[in-house]
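Remarks on the overall topology
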Amino acid sequence: KMMRIIALTLFVALAVGSAPQIPESFQANVKIDFKFDHHYKDLAGKIWEDSTLQDSRFDALVRNNTDDVFEGLVLFKQKIRYDVFHISKITRCENHTVDRPYEPFFGWVSGAQKGSSCKGPNSETGTEWSRKDKDYDAKVCVASDNKTPYWVDFGVDHDHRRANRFIEFNNFKAGSVPAKDFAVPAPCK
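Every residue gets a number counted from 1 within its own chain, in the order that chain's sequence is written. Local features in this predicted model are restricted to residues whose pLDDT is 70 or higher, and side-chain atom pairs enter the listing and the counts only when it is 80 or higher, whereas totals over whole chains, interfaces and linings include all residues. Side-chain measures were taken over the full set of non-hydrogen atoms in the model, leaving aside hydrogen atoms and water.

Another point: the overall build of the chain. Along the backbone of the chain there are 1 helix and 11 strands. The secondary structure listing takes helices from DSSP runs of H or I that are at least 4 residues long and strands from runs of E that are at least 2 residues long, numbered from the N terminus. Tracing the chain from N to C terminus, the helices and strands come up as α-β-β-β-β-β-β-β-β-β-β-β. Exposure classes here rest on a 1.4 Å probe applied to the protein chains alone. A residue is buried below 20% of its type maximum, exposed above 50%, and partly exposed in between. For the chain, the residues scored as buried account for 35% of the 189 residues in total. The protein chains shown are the only cover counted for residues, whose accessible areas, like all others here, come from Shrake-Rupley with a 1.4 Å probe. Carbon and sulfur atoms make up 53% of the accessible area of the chain, which totals about 11800 Å².

Dropping the structure here:
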């Protein structure tokens, strides 16, 4: 009887699976579809994320207008965010105070529930994990190594408005990011 209980417990644990262990420090080429209410942006670029430095950077080309480029850099320990816009040959930098703590990019995954199979950008088979909270809902498609994300679908409701980001990862590279990759953008110096 005790062996049946142990076997059943093991079966349930294997069926449920443990949440993915996606590295919190990484760099990756990405495609992002961003929707806010009726506004839509199609972006392609690169994300750098370092949980030790607590820094986050995103550079993107606005794909529906090839002249527009956006650079975003958040230095959480310094409590500052830089947004650089290169629009129609005009460059503008905006500085903003950051009053929230650093949250790892994939920090929410530890509480995610295993779902069905999903497809990566090149039709790779992965496993979907999802989490719904009062403030957001999120899904991630993860490779069989349980460490490599194929895509993330992240939604937030705010003041009766919906914002969604669908991020497709290409060339996901785990590991620390050199501090030089988090240098203050030249237009902001």
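From this point on, the discussion continues.
Glancing now at unusual backbone geometry. Here the phi dihedral of K79 falls at roughly 60°; this positive angle occurs in a residue that is not glycine. Of note, the phi angle at N146 is positive, near 65°, even though the residue is not glycine. Along the chain, the position of N146 falls in the loop between β9 (136–142) and β10 (149–158). Assessed through its relative accessible area of 23%, N146 is described here as partly exposed.

The definition used for a disulfide is geometric: two cysteine sulfur atoms within 2.5 Å. Throughout the structure, instances matching the rule amount to 2 disulfides. Sulfur-sulfur distance for the disulfide between C93 and C188 comes to 1.9 Å. On the S-S bond that ties C93 to C188, the torsion sits near 105°, and the link is right-handed. One end of the pair, C93, is in strand β6 (residues 90–97); the other, C188, is in the segment after β11 (161–174), with 95 residues separating them in the sequence. Classification of C93 as partly exposed rests on a relative accessible area of 25%.

A separate point is the pattern of salt bridges. Each salt bridge in this description consists of a side-chain nitrogen of Lys or Arg and a carboxyl oxygen of Asp or Glu lying within 4 Å of one another. Per the stated rule, a full pass over the model turns up 7 salt bridges. Two residues, R81 and D83, come together in a salt bridge whose shortest N-O distance is 2.9 Å. A relative accessible area of 31% places R81 in the partly exposed class. In this structure, D181 and K180 form a salt bridge, with 3.4 Å as the shortest nitrogen-oxygen distance.

If you look at the biggest cluster of nonpolar residues, it comprises 25 residues, and the most contacted ones within it are V30, F106, W108, V140 and F169. Those elements giving two or more residues to this core turn out to be β1 (26–36), β2 (39–50), β3 (55–62), β9, β10 and β11. Core analysis: the second largest hydrophobic core is formed by 9 residues, L75, V84, F182 and C188 among them. For our purposes a nonpolar core is just a set of buried Ala, Val, Leu, Ile, Met, Phe, Trp, Tyr and Cys residues, chained together by side-chain atoms within 4.5 Å.

In this section: the packing of aromatic side chains. What counts as a ring pair is set by centres within 6.5 Å for rings of Phe, Tyr and Trp (its six-membered ring), and what kind of pair is set by the plane angle: stacked under 30 degrees, edge-to-face over 60, tilted for all other angles. Applying the stated criterion across every chain yields a total of 14 aromatic pairs. Relative to F106, the ring of F105 lies with its centre 4.9 Å away and its plane at 65°, an arrangement referred to as edge-to-face. The class of F105 is partly exposed, set by a relative accessible area of 21%. Summarising the aromatic geometry, the rings of F106 and F172 are spaced 6.5 Å apart at their centres and angled 70° between planes, so their arrangement reads as edge-to-face. Placement of the pair is F106 in the loop between β6 and β7 (113–119) and F172 in strand β11, with a sequence separation of 66 residues. Its relative accessible area of 3% is what places F106 among the buried residues. Residue classification places F172 among the buried residues on the basis of a relative accessible area of 16%. These aromatic residues form a ring-pair network of at least three members: F26, F105, F106, F169 and F172. For R57, the ring lying beneath its charged end belongs to W48, and the centroid distance is 4.1 Å. Only Lys NZ and Arg CZ are tested; either one counts as a charge over a ring when it is within 6 Å of the ring centre and within 35 degrees of the ring normal.

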